[in-house]
Amino acid sequence: MTTTQKTQTVSTNPTMPTVFVCRPLPERGLAQLRGLANLKIWPGPLPPDRAQLLAGVAGCVGIASLVTDRMDGEVMDATATLKVICNVAVGYDNVDWRAAKARGVLVTNTPGVLTETSADMAWALLMAAARHIPQSAEFARAGNWKTWEFDKFLGRDVYGATLGIAGFGRIGQAVAKRAAGFGMRILYHNRNRNEAAELALGAQFVSKDELLRHSDFVSLNMSMNESSRHFIGVRELALMKPTAVLINTARGPVVDTAALTEAMQTRRIFAAALDVTDPEPLPYTHPLYALDNVIIVPHLASATVDTRGRMAEIACANMAAVLRGERPPNVIAELAG
Ligand code: DGY
């Protein structure tokens, strides 16, 4: 990013409030704000740095933030008129909701809209890791395909295997739904047992350790909070089957990166497929990239044209409600009371 990058102020009507939009969002979202507010849009594709963010939000009543934009007390204090932070994501670990609460600022997210798309991604990674898809495609592209090899790129069967889902909210359940077509046994672990979902999906509630011990595929689908940090570490990796595959589409810090690196270097488990990392982005020099049993994609779980468009619509609908003096529909649970 160059320091000369400037925000675009789409309209400047002194009678209207101003909102800061941390990246150009699809017009189907932004259209809802035109006529209600002046829009200061950070041009991206990289996020504004700290100074740019602090300068950008000054004088704004709302901020539309992405998961890359840290919304803490300092940002909130950079604009005395702030009423709402609309995160364009279902996760909001980038927003200090306690700081928002203390300042009377609302925080909204985009629940529901990306459930199926994110579950598709967990499955795409599961299948890709089980069958070495990126590695073998790269092998063929590089001109290494000389013959049909009996024992090259041998993977793991998905059909009939045991799928362990950690975090059985909307996305975890959508991951489970897809397993029916693969004749899988489904185990899940969650803070609370959900008997209705168990019945509907044929899933079995187990302890965390049982899930890790018995699953062929472990899909992480919990939200990020103090209790899910390093849910997977040295102890947990040691419990997993040596043939198991770990899939993380939740948040990077749910997995202890150092422990995972060591486990993958020593081939403690069969494969790991990560949509999210800690830190994020993972520096390209990180040893995980050098391993043929690890797949890393750059936080793409919700990245389809339709879903990203709908996320923008929902985030902007939340913002528009506040601009009209209404309660936004998707206030996060911690502030909803
Ligand atoms: C979310 O919505 O939390 C995703 O991780 C971003 O797409």
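Residues numbered from 1 in each chain as written. Predicted model: local features only at pLDDT ≥ 70, side-chain atom pairs only at ≥ 80, totals over all residues. Heavy atoms only, no water.

### Quick look at the environment of V57
Right, on to step 1. Its location among the elements puts V57 in helix α2 (residues 50-57).
Right, on to step 2. Residues V57 and A176, 119 residues apart in the sequence, show an inter-C-alpha distance of 41 Å.
Right, on to step 3. Non-local contacts of V57, meaning those with residues more than four positions away in its chain, are made with F20, I63, V75, A78 and T79. (Helix = DSSP H or I, 4+ residues; strand = E, 2+ residues; numbered from the N terminus. Contact = heavy atoms within 4.5 Å.)

### Here's the deal with the site of the ligand
Right, on to step 1. In the region of the ligand, the neighbouring residues are A89, V90, G91, L114, R251, H299, S302, R308 and M311.
Right, on to step 2. One of the side-chain N or O atoms of R251 is found 2.7 Å from an oxygen atom in the ligand.
Right, on to step 3. At 2.7 Å from an oxygen atom of the ligand is found a side-chain nitrogen or oxygen belonging to H299.
Right, on to step 4. Calculation on the ligand without its partners gives an accessible area of 230 Å², and the protein chains cover 91% of this total. (Near = heavy atom within 4 Å. Polar contact = N/O pair within 3.5 Å; in protein donor to acceptor, adjacent residues only side chain to side chain. Areas by Shrake-Rupley, 256 points an atom, 1.4 Å probe, with all protein chains shown as cover.)

### Re the domain arrangement of the chain
Right, on to step 1. What the domain assignment reports for the chain is domain 1 (8-113 + 305-335) and domain 2 (115-296).
Right, on to step 2. Between the C-alpha centres of domain 1 and domain 2 the distance comes to 32 Å.
Right, on to step 3. The partner domain 2 presents six residues to the eight residues of domain 1 that form the contact.
Right, on to step 4. Summed over both partners, the interface of domain 1 with domain 2 buries about 570 Å², with 40% contributed by carbon and sulfur atoms.
Right, on to step 5. Broken down residue by residue, the surface that domain 1 buries against domain 2 is led by D93, G112 and T307, which jointly contribute 57%.
Right, on to step 6. Along the contact surface separating domain 1 from domain 2 lie two salt bridges.
Right, on to step 7. Here R251 makes a salt bridge to D93, at a shortest N to O gap of 2.8 Å. (Domains from an automatic or database assignment. Buried area = accessible area lost by both parts, 1.4 Å probe. Salt bridge = Lys/Arg side-chain N within 4 Å of Asp/Glu carboxyl O.)

### Concerning the side chain of T249
Right, on to step 1. Structurally, T249 can be placed in the loop between β11 (245-248) and α11 (257-265).
Right, on to step 2. One polar contact links T249 to N221, side chain to side chain, over a distance of 3.3 Å.

### A closer look at the nonpolar core
Right, on to step 1. Counting 79 residues, the largest nonpolar core has V19, L25, L33, L163 and F217 as its most contacted members.
Right, on to step 2. Considering every element that reaches this core, the biggest residue donor is helix α5 (residues 115-130), with nine residues.
Right, on to step 3. Here this core spans two domains, and each of domain 1 (8-113 + 305-335) and domain 2 (115-296) adds at least three residues to it.
Right, on to step 4. Sequence-distant contacts of F217, that is, excluding residues within four places in its chain, are made with L126, A130, D157, V158, A161, T162, L163, G164, M184, V245 and I247.
Right, on to step 5. Within the second largest apolar cluster, 30 residues are counted, among which are A166, L237, A250 and L274. (Core = buried A, V, L, I, M, F, W, Y, C linked by side-chain atoms within 4.5 Å. Buried < 20%, exposed > 50% of the residue type's maximum accessible area, 1.4 Å probe, protein only.)

### A look at the packing of aromatic side chains
Right, on to step 1. Here the structure, examined in full by the defined rule, presents five aromatic pairs.
Right, on to step 2. With 5.1 Å between their ring centres and 80° between their planes, F139 and F153 make a pair best called edge-to-face. Of the two residues, F139 is situated in helix α6 (residues 133-141) and F153 in the loop between α6 and β7 (162-166); the sequence distance between them amounts to 14 residues.
Right, on to step 3. Here the aromatic residues F168, Y188 and F205 are joined through ring pairs into a cluster of three or more.
Right, on to step 4. If you follow K152 out to its NZ or CZ, it ends over the ring of F153, 5.3 Å from the centre.
Right, on to step 5. K208 extends its terminal NZ or CZ atom over the ring of F231, reaching a point 4.1 Å from the ring centre. (Phe/Tyr/Trp six-rings, centres within 6.5 Å; stacked < 30°, edge-to-face > 60°. Lys NZ or Arg CZ within 6 Å of the ring centre and 35° of its normal.)

### Details of the sheet that holds strand β10 (residues 217-220)
Right, on to step 1. Read across the open sheet, the seven strands follow the order β9-β8-β7-β10-β11-β12-β13; overall the sheet is parallel. A single partner strand is all that each edge strand has here, and the edge strands are β9 (203-205) and β13 (294-296). Averaged over neighbouring strand pairs, the angle between their axes works out to 15° when direction is ignored.
Right, on to step 2. Relative to β9, strand β8 (residues 185-189) runs parallel, the two sharing three bridges. Each bridged residue has a counterpart across the sheet, and for Y188 the counterpart in β9 is F205.
Right, on to step 3. This element, helix α7 (residues 170-179), spans β7, β8 and β10 of the sheet and lies at about 170° to β7. (Pairing = 2+ DSSP bridges. Axes fitted to C-alpha atoms, helices over the stretch in contact; angles between N-to-C directions.)

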